[in-house]
Amino acid sequence: FSFASKQRARPRDVRCPVVGGAMAGWGLDGSSRWLRVQAVLLVGCWAAFAGKLADKSRASNYTRVLARLLDEDRYDPSVSPMVQGEPLQVGVGMKLRRIAVDIHEAKMSVTGFMRMSWLDDRLFYNGSEEVTPNWSPQADFLASAFFDGARQVIWVPDIQCANCDEQRVDNQGVYIYDEDHAEAPAQQYPYNVFSGRPVKLQSPCYWPLMDFPFDSPTCNLTFWSWMYNGEQLNVTLMNDPIAWDRGHIGSAEYEFVNASCEHILEQYQFVGKEVPWPKVTIVIQMRRKTETYVINIIIPLACIVLLGNCVFVLPLREGRAGSGERLGYAITLFLTIIAICLFTSGLRPLLSYSVWLDRYQVRCVILTMIPVAETVVLFYLTNVTEDAKHYVQKNNPDLYKHGDRVRVRNFSFEPWREGTVHRCPDKSPTSRESSDAEQKTNVLVQADDDDEPRVWHHCELVRRNRVSEKQEAAVHIAESDFHRDSNVYDEFLVWHRILKGLDRLMHKCGFETSFSKQLSWRAVDQVFRHLYPILCYFALHQLYSDINPAFKVTGHESLEIFGGYSLVQEENVSSRLWNGSAFVLEGLWFVYSAGHLVCWFLLNLLETFLLRRSREKVRKQKQGRMECDDVEGGGQQSDVVEGSDVMPELFQEPRQVGTEPEIDTQPL
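Right, let's walk through the structure included here.

## Here's the deal with the sheet that holds strand β12 (residues 254-270)
Then, number 1: The antiparallel open sheet is built from four strands, whose spatial order is β6-β10-β13-β12. Here the strands that pair on one side only, and so sit at the sheet edges, are β6 (159-161) and β12. Strand after strand, the sheet turns through a mean of 25° between neighbouring axes, direction not considered.
Then, number 2: As defined by bridge partners, β6 adjoins strand β10 (residues 218-225) across three bridges and the pair is classed as antiparallel. Counted as the bridge partner of Q160 is W224 from β10.

## Let's talk about unusual backbone geometry
As a rule of thumb, non-glycine residues mostly have phi less than zero, and peptide bonds are mostly trans rather than cis.
Then, number 1: Note the cis peptide between F212 and P213, where omega equals 10°.
Then, number 2: Within the secondary structure, P213 is located in the loop between β9 (193-204) and β10.
Then, number 3: Of note, the phi angle at A106 is positive, near 55°, even though the residue is not glycine.
Then, number 4: When you line up the elements, A106 lands in the loop between β1 (88-102) and β2 (107-118).
Then, number 5: A residue is classified by how much of its surface remains accessible, and A106, at 14% relative accessible area, is buried.

## Notes on a positive patch on the surface
Then, number 1: Taken together, the side chains of R497, K500, R504 and K508 define a basic patch exposed on the protein surface.
Then, number 2: Mapped onto the elements, R497 comes out in helix α10 (residues 469-508).
Then, number 3: Using a relative accessible area of 43% as the deciding quantity, one classes R497 as partly exposed.

## What to know about helix α7 (residues 326-343)
Think of an α-helix as turning once every 3.6 residues; residues three or four places apart then point the same way.
Then, number 1: Compared with the 26 Å implied by 1.5 Å per residue over 18 residues, the 26 Å span of α7 between its first and last C-alpha is a close match.
Then, number 2: Among the residues making up α7, those that are buried are R326, A330, L333, I337, I340 and C341. Take α7 and look down its axis: the buried residues cluster within an arc of 100°, on one side only. What points out from α7, more than 90 degrees from its buried face, is the exposed set L335, L342 and F343.
Then, number 3: Next to the buried residues of α7 lie α6 (291-307), α8 (356-394) and α11 (521-545).

## Things to note about the packing of α6 against α7
What describes two packed helices is the angle between their axes and the distance between those same axes.
Then, number 1: Running from N to C, α6 and α7 point in directions that differ by 165°, and their axes come no closer than 10 Å. Regarding the angle of α6 to α7, the classification is roughly antiparallel. The two elements α6 and α7 meet at a crossing, and its hand is left-handed. Of the residues in α7, those touching α6 at P300, L301, I304 and L307 are Y329, L333, T336, I337 and I340.
Then, number 2: For the contact of α6 with α7, the residue count by class is eight nonpolar, one polar and no charged.

## Quick look at the packing of aromatic side chains
Each aromatic ring pair is specified by the distance between its two centres and by the angle formed by the two planes.
Then, number 1: All chains considered together, the criterion is met by 21 aromatic pairs.
Then, number 2: When the ring of F214 is compared with that of W356, the centres are 5.0 Å apart and the planes differ by 90°; the resulting orientation is edge-to-face. With F214 in the loop between β9 and β10 and W356 in helix α8, the pair connects residues that are 142 residues apart, well separated along the chain.
Then, number 3: We classify F214 as buried; its relative accessible area is 3%.
Then, number 4: Owing to a relative accessible area of 1%, W356 belongs among the buried residues under this scheme.
Then, number 5: An aromatic cluster is present here, built from F214, W356, Y360, Y544, F551 and F583 joined pairwise through their rings.
Then, number 6: Stacked on the ring of W416, the Lys or Arg R407 has its end atom at 4.8 Å from the ring centre.
Then, number 7: One Lys or Arg, R454, reaches over the ring of W456 and ends 3.8 Å from the middle of that ring.

Thresholds, definitions, all that
- Chains are numbered independently. Their residues run from 1 in the order of the written sequence.
- Only residues with pLDDT of at least 70 are given local features in this predicted model, and only at 80 or more are side-chain atom pairs given and counted; all residues enter the totals for whole chains, interfaces and linings.
- The basis for the side-chain values is all heavy atoms of the structure; hydrogens and waters are excluded.
- Pairing between strands is defined by DSSP: at least two bridges between the two strands are required.
- By definition, any uninterrupted DSSP run of H or I lasting at least four residues is a helix, any uninterrupted run of E lasting at least two residues is a strand, and each is numbered from the N terminus.
- Angular values range over 0 to 180 degrees, each being the angle between N-to-C directions of two axes fitted as lines to C-alpha atoms, with helices fitted over their stretch in contact.
- Under the scheme applied here, a residue whose accessible area is under 20% of the maximum for its type counts as buried, over 50% as exposed, and between as partly exposed, the area being computed with a 1.4 Å probe on protein chains only.
- Exposure above 30% relative accessible area and the lack of any salt bridge qualify a residue for a patch; like charges then connect within 9 Å, and the nonpolar side chains Val, Leu, Ile, Met, Phe, Trp and Tyr within 5 Å.
- Only the protein chains shown count as cover for residues, with accessible areas throughout obtained via the Shrake-Rupley method and a probe of 1.4 Å.
- For this analysis, a salt bridge means a side-chain nitrogen from Lys or Arg found within 4 Å of a carboxyl oxygen belonging to Asp or Glu.
- None of His or the chain ends enter the tally, which takes Lys and Arg as positive and Asp and Glu as negative.
- The atoms used to mark charge sites are NZ of Lys, CZ of Arg, CG of Asp and CD of Glu.
- How far a helix is expected to stretch is found by multiplying one less than its residue total by 1.5 Å.
- The directions from the helix axis to the C-beta atoms form the arc being described.
- In this description, contact between two residues means that some pair of their heavy atoms is separated by no more than 4.5 Å.
- To sort the angles, those under 35 degrees are grouped as roughly parallel, those over 145 as roughly antiparallel, those from 65 to 115 as roughly perpendicular, and the leftovers as oblique.
- By definition, any crossing whose near helix is turned counterclockwise from its far helix by less than a right angle is left-handed, and any crossing with a clockwise turn is right-handed.
- Each residue is assigned to one of three groups, with Ala, Val, Leu, Ile, Met, Phe, Trp, Tyr, Cys and Pro labelled nonpolar, Asp, Glu, Lys and Arg labelled charged, and all others, Gly among them, labelled polar.
- When two rings of Phe, Tyr or Trp (its six-membered ring) have centres within 6.5 Å they constitute a pair, described as stacked for plane angles under 30 degrees, edge-to-face for angles over 60, and tilted for the intermediate range.
- Both a distance and an angle decide whether a charge sits over a ring: NZ of Lys or CZ of Arg must be within 6 Å of the ring centre and within 35 degrees of the ring normal.

Okay, structure coming up:
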């Protein structure tokens, strides 16, 4: 009534210009139109006020229901909600947000949310009746904190990480669902309380590192109840027990691969009674990022091993381009690979056993040391051969005449013995047991204590005239080089015997070789030139094959011949070719060397087979000719002795009339 009286007291010409104009179209006068507008505004304000009152009423219902459920006289948070005779089902799960693995301390750090759900019948309520009619049992809940000041207000299971060294848990609160949610049929077990607490866990993680840096650690997190056994509380898996954020959750060194959960029921002995103690184990699989090790260690070592092949290309003989740099080049490669191993030792874990990277480095060091050792040995053998050749030239048997007094010995460590030159090889033939080389380089000398003359390796004239001390010193200085060469000649004889034994062994195997006669260290160097790439390939390819295929680029199975090319993790094809060029060149060099040696072996095998057939044919022809000569000559013996070293006429040079036949001692 006051509102109407106020309207009647207002002047009639005072009206709302906008609303009044609109009402005029409806056929209403000014006073009635203004009354209608005010009535509409009042209804809208009342609706808004009623909605706020409803929200306040719902919020008050939340508080009222939560206060009723957690009343101190009704709810005791120190007592567990376990039902007599049946264990309480507590589901455990985890959401992973960040995982880091420390290889030096062998620990894993996990940051995420630890989830738990259980049934507490003391917290049952009907949400649609007590809170709001629009209550959704699966989505709506009552939120409560763990503590009200210093007082605990709700019971929480004492689930702990059994294998963690450090664990930090933030007790934020729980979600309390109504009784309809607990009876939902889609759940594995009934629950009406859910807790998701932020945690940071650190647990020891030990995994085998034999494949380092291509290792995949697997770490575990075990959760169980600290106070309750399996007869009172059963720790089980909740719905969707494990989850993780999309994207990168691993560390800078390891990447996350997968995670899984499993329920384990263990039995413990307590005072003669076997008690079950369930636990939930979360298995986290990681994989190391290998780009740093491949780029900084494996590829440089492979390049140095590849450059080791170039050592055998440089000449051995003096006066050729690069001959003086061969040994320095090989030693530089060896020292470089040692430096790489030392500079990258900090990336290797401190272990009591060798890992894949150690085996790779050791093989690369040995492969780089082989050219150095081969060069030193061939230089030594070349010098020995040259010094022995000079000694033979100086110790010319033509200098000794029949009846000369000489000093002789076979080896440089034996004492000198005096004797007399009995005969020279050009005047009387030596025994059949002596070789051709001995006939050309030695003389027959009968020592004073011997009954018969024989061949000596070292021989020099005995000075009959006495000389002064200064002249004797001058003679000794002049003979010092000669005596030094005699020692070298002894070493040459040792190698000559070894090569002769090798020839006999190869002859027994069916191969016609003459290493002791065709003594060429350049040929040995050429053989090493093709053997070294094959040795490098097989030594390193085995290690490449031992790597887990998960670390290799998919789609490169056909390029296994190139060894570590599949380890190059590059999206761009050109970058992959540049980074893996050392592996490609090593594979191509292996193919070339293997093909060269196979062809050489087949040609020598064919030559040996043909030579053997020709010899058999010649032998049969000679036997037939000898039988004919025996029949015609009445049993006259032929000059050809079977088994002698005289070569068949088919392989001899034509003789000249009136000259003695010359026997060719060169190999066929």
